[in-house]
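# Structural characterization, general
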Amino acid sequence: MQLHNFSAGPSILPKEVMYQAGEAVKELNNSKLSLIEISHRSKAFIEIMDEACELALRLTGLENQGYKALFVQGGASLQFLMIAYNLLQNKAGYLNTGTWSDKAIKEAKLFGDVVEVSSSKDKNYNYIPKDYSIPSGLDYLHITTNNTIFGTQYKSIPKTTSPLVADMSSDIFSRDFDYSKFDLFYAGAQKNMGPAGTTLVIIKESILGKVSRAIPSMLNYQIQSSKDSMFNTPPVFAVYTSMLNMRWIEAQGGVKVLGEKNASKAKLIYEEIDRNNRFEGFANQEDRSNMNATFNLKDPSLAEAFDGFCEAAGISGLKGHRSVGGYRASMYNAMSIESVEILVDCMQALEKKY
Ligand SMILES: *Cc1c(COP(=O)(O)O)cnc(C)c1O
């Protein structure tokens, strides 16, 4: 039976990407060697890294605009401190829209003053704050464009005169917008880009070199950049597989086409959540994420029945995060609309029978 993988992360990748990555582990391009046993300084791997960086900039429309793409290790969580290490001299602003922003704030406080510009904690982060004023003179403003756990997503990007930094771990390459509004954005690979083990960081290079503290080499964007992400051995498998997935994204028509597909998938599930009176949505309607739909059963005693329908239909990874409960349907780029239709069928089956 085919499974429909709604996992929030590590998460679904296109079948052909998985297949090609598997082949390269066996043998890379008829080289008689595996991807994971060649030197990262070899021509073959340098070409892979270069292509991955080029694709990342091309997909976000940022080629030749003073931006650099880096692939680093340590996950998105290391970026929480690397950003502050490299950019926070006096004061930074953070919008707190959930667990991940909260963790980013905690790390930044080790380096300077942090202003929590606004927070949606009062309602367990079920919305994106809108009425707030951003102080001037910040070293940067940090936002989390998609809140994986709570299922909220910025539909418009805050306007600020300070450099704008964004955690896009769970919605990178999922929609078309003006990426040049951001001065730095980053994404742990394992949500919408590739396997765990690498993090994409795209930086406008002109914002670097402004803090006075000494920065350890591994955590220094300028050093990582001058070494083209090869200061030390990069995570070759994660970079290669992410590169394959970015090729796949481009072949699908890029972020614009995928953005439209993602919007259709989201529409389908949210219409059912609103129509079907066994269920209720968690996130504020206007802030609903196109990537992670969070919802609950109105009557929790129906959970066993609903889980049974889902299991029989091959639905996997639907359990909500413990801080929200209920269900979370993660519908990243590689998920087909047919899989979402099957989930909707299960919701309707529950409604019919109970
Ligand atoms: C998963 C996630 C993270 C944490 O990523 P790691 O790579 O595990 O450190 C950070 N931010 C967001 C928005 C996420 O979804």
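The structure under discussion appears in the preceding block.
Residues numbered from 1 in each chain as written. Predicted model: local features only at pLDDT ≥ 70, side-chain atom pairs only at ≥ 80, totals over all residues. Heavy atoms only, no water.

Turning to the overall build of the protein, a few remarks are in order. Within the protein one finds 9 helices and 14 strands. When its C-alpha atoms are laid out on the principal axes, the protein stretches across 65 × 55 × 30 Å. Here the protein holds 354 residues, and 55% of them are scored as buried. In the protein, of all internal contacts separated by at least 6 residues, the share reaching a separation of at least 24 is 67%. Looking at the protein as shown, the accessible area adds up to about 15300 Å², and 50% of this sits on carbon and sulfur atoms. Averaging the coordinates of the 37 positive side-chain charges in the protein and doing the same for the 39 negative ones gives two points 2 Å apart. (Helix = DSSP H or I, 4+ residues; strand = E, 2+ residues; numbered from the N terminus. Buried < 20%, exposed > 50% of the residue type's maximum accessible area, 1.4 Å probe, protein only. Contact = heavy atoms within 4.5 Å. Areas by Shrake-Rupley, 256 points an atom, 1.4 Å probe, with all protein chains shown as cover. Lys, Arg positive; Asp, Glu negative; His and termini not counted. Charge placed at Lys NZ, Arg CZ, Asp CG, Glu CD.)

Here we come to the sheet that holds strand E12 (residues 292–297). In spatial order, the strands read E11-E12-E14; together these 3 strands make up an open sheet with antiparallel pairing. Across the chains shown, the open sheet's two edge strands, defined by having one partner strand only, are strand E11 (279–281) and strand E14 (327–330). Across the sheet, the axes of successive neighbouring strands diverge by a mean angle of 35 degrees, strand direction being ignored. Here E12 pairs with E14 via 4 bridges, running antiparallel. Each bridged residue has a counterpart across the sheet, and for Asn292 the counterpart in E14 is Ser330. Here helix H7 (residues 254–275) sits on the sheet and contacts E11 and E12; the angle it forms with E12, its principal contact strand, is near 20 degrees. (Pairing = 2+ DSSP bridges. Axes fitted to C-alpha atoms, helices over the stretch in contact; angles between N-to-C directions.)

Counted according to the given criterion, the structure contains 13 aromatic pairs. On the numbers, 6.4 Å between centres and 75 degrees between planes, the contact of Phe80 with Tyr186 is edge-to-face. With Phe80 in helix H3 (residues 75–87) and Tyr186 in strand E9 (residues 184–188), the pair connects residues that are 106 residues apart, well separated along the chain. The pair Phe80 / Tyr186 is uniform in exposure class, with both members buried. Note on Phe150 and Phe282: the rings are 6.4 Å apart at their centroids and 35 degrees apart in plane angle, and the pair reads as tilted. Taken as a pair, Phe150 in the loop between strand E6 (146–147) and strand E7 (152–153) and Phe282 in the loop between E11 and E12 lie far apart in primary sequence, 132 residues in all. Phe282 carries the same exposure label as Phe150, and that label is buried. Members of the aromatic cluster, each reached through a chain of ring pairs, are Phe177, Tyr179, Phe182 and Phe185. (Phe/Tyr/Trp six-rings, centres within 6.5 Å; stacked < 30°, edge-to-face > 60°.)

Another point: H7. Here H7 contains 22 residues, and its C-alpha end-to-end distance of 32 Å stays within 8% of the 32 Å for a straight helix at 1.5 Å per residue. Buried within H7 we find Gly254, Val255, Leu258, Gly259, Asn262, Lys265, Ala266, Ile269, Tyr270, Glu272 and Ile273. For H7, the angular spread of the buried residues around the axis is 160 degrees, confining them to a single face. Its buried side turned inward, H7 meets helix H2 (43–59), helix H6 (236–251), E11, E12 and helix H9 (337–353). (Expected span 1.5 Å × (residues − 1). Arc of directions from axis to C-beta.)

Note on placement: Ala214 falls in the loop between strand E10 (199–204) and helix H5 (221–226). For the pair Ala214 and Asn86, spaced 128 residues apart in sequence, the C-alpha separation works out to 9.2 Å.

In this section: the site of the ligand. What surrounds the ligand is a group of 13 residues, the closest being Ser77, Thr148, Asp167, Gln190 and Lys191. Residue Thr148 places a side-chain N or O atom 2.4 Å away from an oxygen atom belonging to the ligand. Between the ligand and Gln190, the relevant distance is 2.9 Å, taken from an oxygen atom to a side-chain nitrogen or oxygen of the residue. Coverage of the ligand by the protein chains reaches 87% of its 380 Å² of free accessible surface. In terms of residues, the shell around the ligand owes the most to one element, H3, which gives 4 residues. Residue composition of the shell around the ligand, by class: 3 nonpolar, 8 polar and 2 charged. (Near = heavy atom within 4 Å. Polar contact = N/O pair within 3.5 Å; in protein donor to acceptor, adjacent residues only side chain to side chain. Nonpolar A, V, L, I, M, F, W, Y, C, P; charged D, E, K, R; others polar.)

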